[in-house]
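# Per-entry structural report
Now for the letters of each chain:
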Amino acid sequence: MSGDSAERAKSAESAETTADATGSATASATSGLPLDGVRVLELGHIIAGPFCSMLLADLGADVIKVEHPKGGDLIRGSSPVGNSSFNYVNRDKRSITLDLKSDAALDAFFDLLDETDVVVENYAPGTAERLGIGYEQLKETHPDLVYCSIKGFNPGPYESYPALDPIAEALSGLMSVTGHEGMPPVRSGTSIADMAASFYGAIAVLGALYRRDRTGEGSKVTAPLFESTVSMMGYWLAYTEAYDDVPGPMGASHPNWAPYDVFETADDEWVFIGPSGERQWTALCEALGLDLHEDERFNTLPDRRENLDELMDLLRAECETLPAADLVAGLREVGVPVAKVNSMDEVAADPHLRATDFFTEVETAEGTSRSVSVPRFPVVASGFGRPESTDPPKLGEHTEAILSSLGYDDADIDALRRVGGV
């Protein structure tokens, strides 16, 4: 690692693990986490860069968010939705303000880099290079640095194009299969392309750190929104190539299964039902008091696909007579895959998520000041747990503490402040 890993490690108690009600282990603080002792500098804004470094923080990394003194992350204070995005993807980080166009602040950045393992950035193409902090510039003095760039596209014909999450969703084909036939294409209800690139970026960073442990060499990782989203469309690409058929909008359905869709209930709720085998299809019919499984039009899966419109009309008519809770309970009892379509307030109160300690409480840094529940790292692993989350940072909240840890005294910090460097 760059510098002394012991000095970089977060203060952590010895790993004390206790079994929760589900039998999984949870660890106190960051003790025993896989990336304990790894420092990450985040030069990120909005979703993609910050989400990637949040994943690394969930694995124990010390993430320092480097922000411009005037405004910081572009999404800070932008809107209620923007504020909420910031408060989620920036938990478990510290914030330092540095104007990287200032020579004095750039010197401080390089001092910080001396104790850093990973840089994550999602600036516009060419921005990091213009600031003198692109990978080719940094590797001259920090050859063991792992540098993750999250961009719209891999190097190639599109690399200079402006990129946003919906751009990647549109180009990747995701938007073409999302929505309903005869209606305009729609984007996903969350920033799925940003997050796809973040996941691939974080995975590649872990691989690069493992490689560095063996070779001593750093790496540049480029995680693109477009290609990452295309990779998630992989089986539709394989289908199109193999069968010379182009899929269209699917709503909540899937052409491989029938029935496989949402149904409106007597109390104006929506319930998804998706039997994936003949046993489940028979169980569905018997639970609803229908004999459709004995009807030759619906006897086999190919039959049901062939006569899908008639089948859906019959199932819809029956579901509309039942309250959602009764429909869900009855089908779950006989092993049919079923779920009510929850609103976000229902997700926040979900008894399973509450029972499995899925949420963590943080105090908001942006927007209305209050405590809110946000998701924790969803994976449960033996040998290490999930850290207790810290609040998203106020802009520059940890500037003085971080600079002091690098040996800057009050006079040094005041000098930086006078020139607008912090």
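In what follows, the accompanying structure is described. Keep in mind that what you see is a predicted model, and the values were worked out from it rather than measured. (Residues numbered from 1 in each chain as written. Predicted model: local features only at pLDDT ≥ 70, side-chain atom pairs only at ≥ 80, totals over all residues. Heavy atoms only, no water.)

What follows is about the layout of surface pockets. Space inside the largest pocket adds up to approximately 1400 Å³. As for the largest pocket, its lining consists of 49 residues, of which Ile47, Val81, Ser85, Ser191 and Met195 are closest to the centre. Mapped onto the lining of the largest pocket, the elements with two or more residues apiece are α3 (80–89), β7 (146–151), α7 (165–171), α8 (192–215), α15 (344–348) and β13 (371–375). Split into classes, the residues belonging to the lining of the largest pocket amount to 27 nonpolar, 15 polar and seven charged. Roughly 730 Å³ of internal volume is contained in the second largest pocket. Lining of the second largest pocket is provided by 31 residues; of these, Pro249, Met250, Ser253, Asp261 and Leu308 occupy positions nearest its centre. For the lining of the second largest pocket, the elements supplying multiple residues, two or more each, are α10 (234–243), β9 (261–264) and α13 (308–319). When residues of the lining of the second largest pocket are assigned to their parent elements, the largest contribution, five residues, is made by α13. Classifying every residue of the lining of the second largest pocket by side-chain character gives 16 nonpolar, six polar and nine charged. (1 Å grid on protein atoms, 1.4 Å probe; cavity = no way out; pocket = protein on both sides within 12 Å on 5 of 7 lines; lining within 4 Å. Points joined across faces, edges and corners; volume = space filled by probe spheres on them. Helix = DSSP H or I, 4+ residues; strand = E, 2+ residues; numbered from the N terminus. Nonpolar A, V, L, I, M, F, W, Y, C, P; charged D, E, K, R; others polar.)

In globular proteins that are soluble, nonpolar side chains generally tend to be buried together. Membership of the largest hydrophobic core comes to 32 residues, with the highest contact counts inside it found for Val40, Leu56, Val118, Val120 and Ile150. Among residues more than four places away in sequence, those in contact with Ile150 are Ala48, Gly49, Cys52, Val120, Glu121, Asn122, Ala197, Ser198, Ala223 and Leu225. The next biggest cluster of nonpolar side chains, apart from the first, holds 29 residues, and it includes Ala105, Leu106, Leu112 and Tyr123. (Core = buried A, V, L, I, M, F, W, Y, C linked by side-chain atoms within 4.5 Å. Buried < 20%, exposed > 50% of the residue type's maximum accessible area, 1.4 Å probe, protein only. Contact = heavy atoms within 4.5 Å.)

This part is about the sheet that holds strand β10 (residues 270–273). Taken in spatial order, the three strands make up an open sheet running β9-β10-β11, and their pairing is antiparallel. The outermost strands of the open sheet, each flanked by one partner alone, are β9 and β11 (338–340). Direction aside, the axes of adjacent strands within the sheet are offset by 25° on average. Taken strand by strand, α13 contacts β9 and β10, and its axis lies near 40° from that of β9. (Pairing = 2+ DSSP bridges. Axes fitted to C-alpha atoms, helices over the stretch in contact; angles between N-to-C directions.)

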